[in-house]
Amino acid sequence: MLKLNSVSKRYAKSDTYAVNDVNIHVKSGEIYGFIGPNGAGKTTTIKMIIGVLAPSEGNIEVNGADISREGNYAKKHIGYVSDSHTLYDRLTGKEYVNFLADVYGVGQRERQERCERLLELFAMKDAFNSQISTYSHGMKQKISIIGALIHEPPVWVLDEPMTGLDPQSSHVLKTLMREHCDKGNVVFFSTHVLEVAEKLCDRVGIISEGKLIAQGSLDEIQADKDKSLEEIFLALTQKE
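**So, the layout of surface pockets**
Its boundaries defined by the atoms lining it, the largest pocket holds a volume of some 620 Å³. Taken together, 23 residues line the largest pocket, and the ones lying closest to its centre are Tyr80, Thr86, Tyr96, Leu100 and Tyr104. Listed by contribution, the elements that provide at least two residues to the lining of the largest pocket are strand E6 (78-81), helix H3 (93-103) and helix H5 (137-149). Roughly 300 Å³ of volume is contained in the second largest pocket. Looking at the second largest pocket, it is lined by 14 residues, and the ones nearest its centre are Arg117, Glu152, Trp156, His180 and Lys183. Secondary structure elements with two or more residues in the lining of the second largest pocket: helix H4 (108-121) and helix H6 (167-182). The greatest single-element share of the lining of the second largest pocket, amounting to four residues, is contributed by H4. Residues belonging to the lining of the second largest pocket are distributed by class as follows: six nonpolar, two polar and six charged.

**Brief notes about the packing of H4 against H6**
It is the contact of H4 with H6, at a shortest axis distance of 10 Å, that shows an interaxial angle of 135°. Relative to H6, H4 is oriented oblique. Two secondary-structure elements touch here, H4 through Arg117, Leu118 and Leu121 and H6 through Val172, Leu176 and Glu179. Here the contact of H4 with H6 is built from residues that sort into four nonpolar, no polar and two charged.

**Observations regarding empty space enclosed by the protein**
In this structure the tally under the stated criterion is one cavity of 30 Å³ or more. Put simply, the largest cavity is a space of about 30 Å³. Val81, Ile145, Leu149, Trp156, Leu158, Pro161 and Leu173 are the residues that line the largest cavity. Listing elements by their share of the lining of the largest cavity, those giving two or more residues are H5 and strand E7 (155-159).

**A look at unusual backbone geometry**
At Asp21, a residue that is not glycine, the phi angle is positive and equals roughly 55°. Along the chain, Asp21 turns up in strand E2 (residues 19-26). On the basis of relative accessibility, which here comes to 44%, the residue Asp21 falls in the partly exposed class. Not every positive phi belongs to a glycine, and Ala123 is a case in point at roughly 55°. Residue position: Ala123 is located in the loop between H4 and H5.

**Quick word on the environment of Cys201**
Within the secondary structure, Cys201 sits in the loop between helix H7 (194-200) and strand E9 (203-208). Placed 167 residues apart in sequence, Cys201 and Phe34 show a C-alpha to C-alpha distance of 9.5 Å.

**Looking at H6**
Over its 16 residues, H6 runs 23 Å from end to end, which matches the ideal 22 Å to within 8%, given 1.5 Å per residue. For H6, the full list of buried residues reads Ser169, Ser170, Val172, Leu173, Leu176, Met177, His180 and Cys181. Viewed end-on, H6 has its buried residues packed into an arc of 160°, placing them on one side of the element. Exposed side chains of H6 directed beyond 90 degrees from the buried face belong to Pro167, Gln168 and Asp182. Residue Asp166 occupies the N-cap position of H6, its side-chain oxygen lying 3.1 Å from the main-chain nitrogen of Gln168. Phi for Gly184, located one or two positions after H6, is positive at around 95°.

**Some points on the sheet that holds strand E4 (residues 57-62)**
Reading across the sheet, the four strands line up as E2-E1-E4-E5 and stay open at both edges, with antiparallel pairing between neighbours. The two strands at the open ends of the sheet, each matched to only one other strand, are E2 and strand E5 (65-66). The pairing of E4 with E5 spans two bridges and is classified as antiparallel. The residue of E5 that forms the bridge with Val62 is Ala65.

What counts, and where the lines are drawn
Residues numbered from 1 in each chain as written. Predicted model: local features only at pLDDT ≥ 70, side-chain atom pairs only at ≥ 80, totals over all residues. Heavy atoms only, no water. 1 Å grid on protein atoms, 1.4 Å probe; cavity = no way out; pocket = protein on both sides within 12 Å on 5 of 7 lines; lining within 4 Å. Points joined across faces, edges and corners; volume = space filled by probe spheres on them. Helix = DSSP H or I, 4+ residues; strand = E, 2+ residues; numbered from the N terminus. Nonpolar A, V, L, I, M, F, W, Y, C, P; charged D, E, K, R; others polar. Axes fitted to C-alpha atoms, helices over the stretch in contact; angles between N-to-C directions. Parallel < 35°, antiparallel > 145°, perpendicular 65-115°, else oblique. Contact = heavy atoms within 4.5 Å. Buried < 20%, exposed > 50% of the residue type's maximum accessible area, 1.4 Å probe, protein only. Expected span 1.5 Å × (residues − 1). Arc of directions from axis to C-beta. Polar contact = N/O pair within 3.5 Å; in protein donor to acceptor, adjacent residues only side chain to side chain. Pairing = 2+ DSSP bridges.

Quick look at the structure:
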């Protein structure tokens with residue numbers, strides 16, 4: 001459902017690749033964890049997946065559509081949560097979610113049912129009619145998630161989605177991620193919390209200096225059964 005085929009990105013006036021020949025295939029039913037040090041190329045890769053940046057080389061397929069050639073179709077199948085909480089602060093939570101529902105063509109009955117469920121799960125009912133500018137960091141993260149999922153997209157792309165969430169909301173999101181994939185959909189998410197990746201992911205990819213240096217199930221990556229994902233990650237990404 002999500003394929004990156006020999007994807008590279010080099011910014012203008014730079015001789016260095018921010019992302020270099022990355023190949024990833026996230027199959028139906030998979031939670032794929034994308035991990036790497038700061039500046040490794042995670043956010044650049046995610047921005048190419050959602051169509052904000054164009055690859056310098058290679059191509060990306062979302063639900064069978066090339067994001068560069070069939071952008072509108074592909075983007076309708078993506079639910080994206082940014083790590084930057086870029087929101088319309090002057091809107092209320094309700095106005096923000098309704099705006100996204102309108103963009104994705106979600107009918108009134110469907111959006112109401114989905115809103116009620118998500119607001120209950122993330123304990124946001126009391127704040128839904130308040131202006132986003134009054135929200136805490138965690139509340140902004142929760143309304144971002146609700147907005148991203150309102151059209152029930154098959155492909156979830158989440159950039160550090162647990163950041164700012166309280167333990168209860170983190171548990172809710174992890175449960176939703178698993179339920180989503182159990183229905184045959186996919187989740188692609190980046191995280192710095194390796195324990196979360198270790199417990200939640202079907203497969204992980206480790207990126208360092210723009211290159212995918214390891215990829216596979218935890219059993220495949222953890223060739224030495226006595227080492228945790230954290231120990232393997234540090235060993236693989238440590239610079240000489």
